[in-house]
Amino acid sequence: AVAVLLPLAGCSKKDDTPPQGMPPGFGNEAQNMSPTDLDAWEKRDLGVKSQDKLHAGAAHGPTPTEIPGGKLITTQELVALQQSAGQKLVLLEVLGAPQTLPNAFRAVPAAAPGDFKDQTQQQFAQVLQQLTQGDTSAPIVTYCANPECWMSYNAALRAINAGYRNVMWYRGGLEAWQRAGQPVSGGQGPT
């Protein structure tokens, strides 16, 4: 079951975001890639430098291959983390898609641009406090659509700036998860 985080105010969708929050071209590539090909696809360099400020431009576009204060995590690493961390893992879906990774919490507003002193940041910090029971070393993973989606990057930066020390950005997101043939929860797939 997907938990919906209610304390956060809604975020406005960008004009470039099609219905359901999916970026243009989502899911048009071949599914069920080999682990090696998937890893290369997830880590591919799109020529964007990392930044320690929230991304205020279009939500969907090329992203960096690293995040200051956090760690990039691949599908294979996330599967292993789910098995080892169990209930301690806080998996945050920030896309607002009809399908999610199993056991993900919806935290779409955390993807919003702004700054680390805004109301969204304050509310997100309170939600993280509840989800982690105050453990700032708890593993937190943020994800959205794919390597061309900034939403989970922003959410990861917000978690890092809230004082969490084990924040991972799942850059491949929902698309990589589906390409790996991993199960999803809820709804129908993107059309």
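Everything in this summary refers to the structure shown in the same document. (Residues numbered from 1 in each chain as written. Predicted model: local features only at pLDDT ≥ 70, side-chain atom pairs only at ≥ 80, totals over all residues. Heavy atoms only, no water.)

**Quick word on the pattern of salt bridges**
Within the structure shown, the criterion is met by seven salt bridges. For the salt bridge of Lys88 with Asp135, the shortest nitrogen-to-oxygen distance reads 3.5 Å. Here the residue Lys88 occupies a position in the loop between α2 (75-85) and β3 (90-93), and Asp135 occupies one in the loop between α3 (119-132) and β5 (140-143), the gap between them amounting to 47 residues. Classification of Asp135 as partly exposed rests on a relative accessible area of 24%. When the shortest N-O distance is used, the salt bridge between Arg106 and Glu93 registers 3.2 Å. Here Arg106, found in strand β4 (residues 105-106), pairs with Glu93, found in strand β3; they are 13 residues apart in sequence, far enough to count as distant. Residue Glu93 is classed as buried on the basis of its relative accessible area of 1%. (Salt bridge = Lys/Arg side-chain N within 4 Å of Asp/Glu carboxyl O. Helix = DSSP H or I, 4+ residues; strand = E, 2+ residues; numbered from the N terminus. Buried < 20%, exposed > 50% of the residue type's maximum accessible area, 1.4 Å probe, protein only.)

**Notes on the nonpolar core**
One recurring pattern in soluble globular proteins: nonpolar side chains tend to sit buried together. One finds Leu78, Leu101, Val141, Met151 and Tyr170 to be the most contacted residues of the largest nonpolar core, which totals 46 residues. Where this core is concerned, the elements lending two or more residues are α1 (35-43), α2, β3, α3, β5, α4 (151-161), β6 (167-170) and α5 (173-179). At seven residues, α4 tops the list of elements feeding residues into this core. Non-local contacts of Val141, meaning those with residues more than four positions away in its chain, are made with Ile73, Leu78, Leu81, Leu89, Val90, Leu91, Leu92, Met168 and Tyr170. (Core = buried A, V, L, I, M, F, W, Y, C linked by side-chain atoms within 4.5 Å. Contact = heavy atoms within 4.5 Å.)

**Concerning α1**
Within the span of α1, buried status applies to Leu38, Trp41 and Glu42. All buried residues of α1 project into a common sector of 95 degrees when viewed along the axis, lining one side. (Arc of directions from axis to C-beta.)

**Thoughts on the packing of aromatic side chains**
The tally for this structure, following the rule as stated, stands at four aromatic pairs. Between Trp150 and Tyr153, the ring centres sit 5.0 Å apart and the planes meet at 80 degrees, which makes this aromatic pair edge-to-face. By relative accessible area, Tyr153 is classed as buried at 0%. Look at Tyr153 and Trp169: their rings are 5.0 Å apart centre to centre, the planes differ by 80 degrees, and that puts the pair in the edge-to-face class. In this pair, Tyr153 is assigned in helix α4 and Trp169 in strand β6, connecting sequence segments 16 residues apart. Across this residue pair, the class does not change: Tyr153 and Trp169 are buried. Cluster of aromatic residues (ring-pair linked, three or more members): Tyr143, Tyr170 and Trp177. Over the face of the ring belonging to Trp41 we find Arg179, whose NZ or CZ atom lies 4.0 Å from the ring centre. (Phe/Tyr/Trp six-rings, centres within 6.5 Å; stacked < 30°, edge-to-face > 60°. Lys NZ or Arg CZ within 6 Å of the ring centre and 35° of its normal.)

**Concerning the environment of Gln87**
Looking at the secondary structure, you find Gln87 in the loop between α2 and β3. Residue classification places Gln87 among the exposed positions, given a relative accessible area of 80%. Through-space distance from the C-alpha of Gln87 to that of Pro139 is 10.0 Å; in sequence the pair is 52 residues apart.

**Concerning the packing of α3 against α4**
Contact geometry of α3 with α4 gives a least axis separation of 10 Å together with a crossing angle of 75 degrees. In terms of their interaxial angle, α3 and α4 are classed as roughly perpendicular. Together, Thr120, Gln121, Phe124 and Leu128 of α3 and Ala155, Arg158, Ala159 and Asn161 of α4 make up the contact between the two elements. For the contact of α3 with α4, the per-class residue count stands at four nonpolar, three polar and one charged. (Axes fitted to C-alpha atoms, helices over the stretch in contact; angles between N-to-C directions. Parallel < 35°, antiparallel > 145°, perpendicular 65-115°, else oblique. Nonpolar A, V, L, I, M, F, W, Y, C, P; charged D, E, K, R; others polar.)

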